[in-house]
Amino acid sequence: MTTWQDDVRGALDGLAYGARSALSPRVLHGAAVEIGWLTTHLAMYPLGLVGSSGAPAQRLTLAGLTPAQRSLLVSDVRAAGTPILLAHGIIDNHTIFALMRRQLHRRGFSSIHTFSYSPLTLDVRRTAERMGQEIEAICAASGSDKIHVIGHSLGGLIARYYAQRLGGDERVHTCVTLGTPHQGTMAARLLPWPLVKQVRPDSDLMAELAEPAPDCRTRFVAFYSDVDQLIVPQRRARIRHPDLVASNVRVRGVGHLSLPFHGEVVHQITAALAHLDEAEAPDRTA
């Protein structure tokens with residue numbers, strides 16, 4: 001059993017780790033970009049309080065589509081029609097995906113939805129169960145037996161838990177995570193909040209996710225940044241599990257909040273979801 005002294009010591013270790021590289025040019029550039037995106041996002045944030053689960057799936061026809069949208073529909077109608085669910089982070093809302101959602105639509109994906117949960121959420125497991133219920137409703141309405149989930153920060157961990165531990169791999173074809181604490185984060189020791197405690201490296205949730213999962217069929221793609229301020233150390237945003245089909249993509253100089261807005265990240269996500277049957281390289285750099 002850990003004590004509060006252990007928590008404080010772990011938090012200080014994490015801060016010391018981050019401070020060692022805090023003044024490097026790459027980190028300073030990433031911080032400047034992060035501030036710019038944060039300013040924009042704060043202006044958009046109130047719009048997310050209204051709530052939006054996404055428009056219903058559209059009929060797949062070529063009428064009114066751009067060349068890029070026609071290309072995806074003609075080359076792989078199944079990829080174009082597979083629903084996509086976007087899950088935000090712990091203190092965020094669906095506006096964090098404004099750019100990504102627009103790019104996915106331009107690429108030709110016709111059924112894009114959002115999953116929201118309250119900042120007062122206390123448990124990843126229960127929230128994953130609710131995500132599963134929403135996924136079932138989306139699949140029933142669209143007629144699709146598969147769905148993709150893109151999760152930012154904690155949203156990615158909720159999606160992974162659903163796919164890996166709740167049998168959600170029957171529904172989730174691809175789970176993309178952005179800055180998700182797959183192996184926990186030392187920064188979580190700074191707050192005693194129950195939900196934050198679950199993303200500590202030594203939590204029971206992390207131990208559960210490390211358990212064998214030989215039957216999980218979901219494809220995972222984990223984007224992690226070398227200057228992520230909330231994942232300490234940053235490599236803990238990678239998926240390291242012998243039973244999971246997972247690739248880890250390193251992103252250079254992009255802050256935690258900027259990941260869903262980063263052009264190359266969005267491009268790689270749309271490319272991955274447009275090719276349902278292609279295997280991913282284990283590790284690469286964006």
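Before any of the text, the structure's been laid out above.
Owing to the predicted nature of the structure, the values given are computational and were not obtained by experimental measurement.

J.: Please clarify how the nonpolar core should be interpreted in this entry.
T.: A general tendency of soluble globular proteins is for nonpolar side chains to be buried together. Counting 34 residues, the largest nonpolar core has Leu85, Met131, Ile135, Leu154 and Val172 as its most contacted members. Ranked by size, the runner-up nonpolar core spans 24 residues in total, among them Leu99, Leu104, Ile150 and Val221.

J.: What should I look at first to understand the side chain of threonine 174 in this one?
T.: Examined against the element boundaries, threonine 174 turns out to sit in strand 4 (residues 172–178). A distance of 2.8 Å separates the side chain of threonine 174 from the side chain of arginine 219, its partner in a polar contact. With residues near it in sequence (within four places) discarded, threonine 174 still touches Ile147, His148, Val149, Thr218, Arg219, Val221 and Leu273.

J.: I would appreciate a short explanation of the pairing of strand 1 (residues 84–87) in the present structure.
T.: On a regular strand, one side chain projects to one face of the sheet and the next to the other, so that they alternate. Side-chain alternation along strand 1 places Ile84 and Leu86 on one buried face and Leu85 and Ala87 on a second face that is also buried. Judged from the 4 bridges that link them, strand 1 and strand 2 (residues 112–115) form a sheet pairing that is parallel. Looking at strand 2, one finds that alanine 87 is bridged to phenylalanine 115.

J.: Is there a simple way to explain helix 7 (residues 154–165) in this structure?
T.: Each full turn of the α-helix corresponds to 3.6 residues, which orients residues three or four apart in the same direction. Here helix 7 contains 12 residues, and its C-alpha end-to-end distance of 16 Å stays within 8% of the 16 Å for a straight helix at 1.5 Å per residue. Counting buried residues in helix 7 gives 11 out of 12 residues, a clear majority hidden from the surface. Turning to helix 7, its buried residues are Leu154, Gly155, Gly156, Leu157, Ile158, Ala159, Arg160, Tyr161, Tyr162, Ala163 and Gln164. Within two residues after helix 7, glycine 167 carries a phi angle of roughly 75 degrees, on the positive side.

J.: Would you take a moment to explain the packing of helix 5 (residues 98–107) against helix 10 (residues 263–273) for this structure?
T.: In a packed pair of helices, the relevant descriptors are the angle between the two axes and the axis-to-axis distance. The N-to-C vectors of helix 5 and helix 10 enclose an angle of 40 degrees; their axes lie 10 Å apart at closest approach. Our classification of the angle between helix 5 and helix 10 gives oblique. When the axes of helix 5 and helix 10 are compared, the crossing they make is right-handed. Here helix 5 contributes Met100, Gln103, Leu104 and Arg107 to the contact with helix 10, which in turn contributes Val266, Ile269 and Thr270. Considering only residue class, the contact of helix 5 with helix 10 consists of 4 nonpolar, 2 polar and 1 charged.

J.: Mind showing me how you'd approach the state of the cysteines here?
T.: Among covalent bonds in proteins, the disulfide is the one between the sulfur atoms of two cysteines. Per the counting criterion, the structure on display carries 0 disulfides. The thiol sulfur of cysteine 175 is not disulfide-bonded, and the nearest other cysteine sulfur, from cysteine 216, lies at 9.0 Å. Since its relative accessible area comes to 1%, cysteine 175 is described here as buried.

J.: Help me out: how do you make sense of the sheet that holds strand 3 (residues 147–152) in this one?
T.: With parallel pairing, the 7 strands of this open sheet are ordered in space as 2-1-3-4-5-6-7. In the strand order of this sheet, the two ends are held by strand 2 and strand 7 (283–285), each with one partner. Here the average twist between neighbouring strands, direction ignored, is 20 degrees. As defined by bridge partners, strand 6 (residues 245–251) adjoins strand 7 across 3 bridges and the pair is classed as parallel. Looking at the pairing, arginine 250 lines up with threonine 285 of strand 7. Sheet strands in contact with helix 5 are strand 1, strand 2, strand 3 and strand 4, and its direction is about 155 degrees off that of strand 2.

Calculation rules
Going along each chain's sequence as written, the residues are numbered from 1 onward. Residue-level local features of this predicted model are given only where pLDDT is at least 70; pairs of side-chain atoms are given and counted only at 80 or more, and the full residue set underlies all totals for whole chains, interfaces and linings. Side-chain descriptors were evaluated using all non-hydrogen atoms of the structure, hydrogens and water having been removed beforehand. Here, the term nonpolar core denotes a set of buried Ala, Val, Leu, Ile, Met, Phe, Trp, Tyr and Cys residues that are joined through side-chain atoms within 4.5 Å. Only protein chains enter the accessibility calculation, which uses a 1.4 Å probe; a residue is then buried when its area is under 20% of its type maximum, exposed when over 50%, and partly exposed in between. By definition, any uninterrupted DSSP run of H or I lasting at least four residues is a helix, any uninterrupted run of E lasting at least two residues is a strand, and each is numbered from the N terminus. As used in this structure description, the phrase polar contact means that two N or O atoms lie within 3.5 Å; if the pair is within protein, one of them must be able to donate a hydrogen and the other to accept it, and residues adjacent in sequence are counted only when both atoms belong to side chains. Contact criterion: two residues are considered in contact whenever any of their non-hydrogen atoms come within 4.5 Å of each other. The pairing criterion is simple: DSSP has to find at least two bridges between the two strands. Expected span of a helix: the number of residues minus one, times 1.5 Å. For helices, the axis comes from a line fit to the C-alpha atoms of the stretch in contact; other axes are also lines fit to C-alpha atoms, and the angle between any two N-to-C directions lies between 0 and 180 degrees. Oblique is the label for any angle not under 35 degrees, not over 145, and not in the 65 to 115 range, which are roughly parallel, roughly antiparallel and roughly perpendicular in turn. Take the far helix as your reference; a near helix turned counterclockwise from it by less than a right angle gives a left-handed crossing, and one turned clockwise gives a right-handed crossing. Asp, Glu, Lys and Arg are counted as charged, while Ala, Val, Leu, Ile, Met, Phe, Trp, Tyr, Cys and Pro are counted as nonpolar; the rest, among them Gly, fall into the polar class. The criterion for a disulfide is a pair of cysteine sulfur atoms lying within 2.5 Å.

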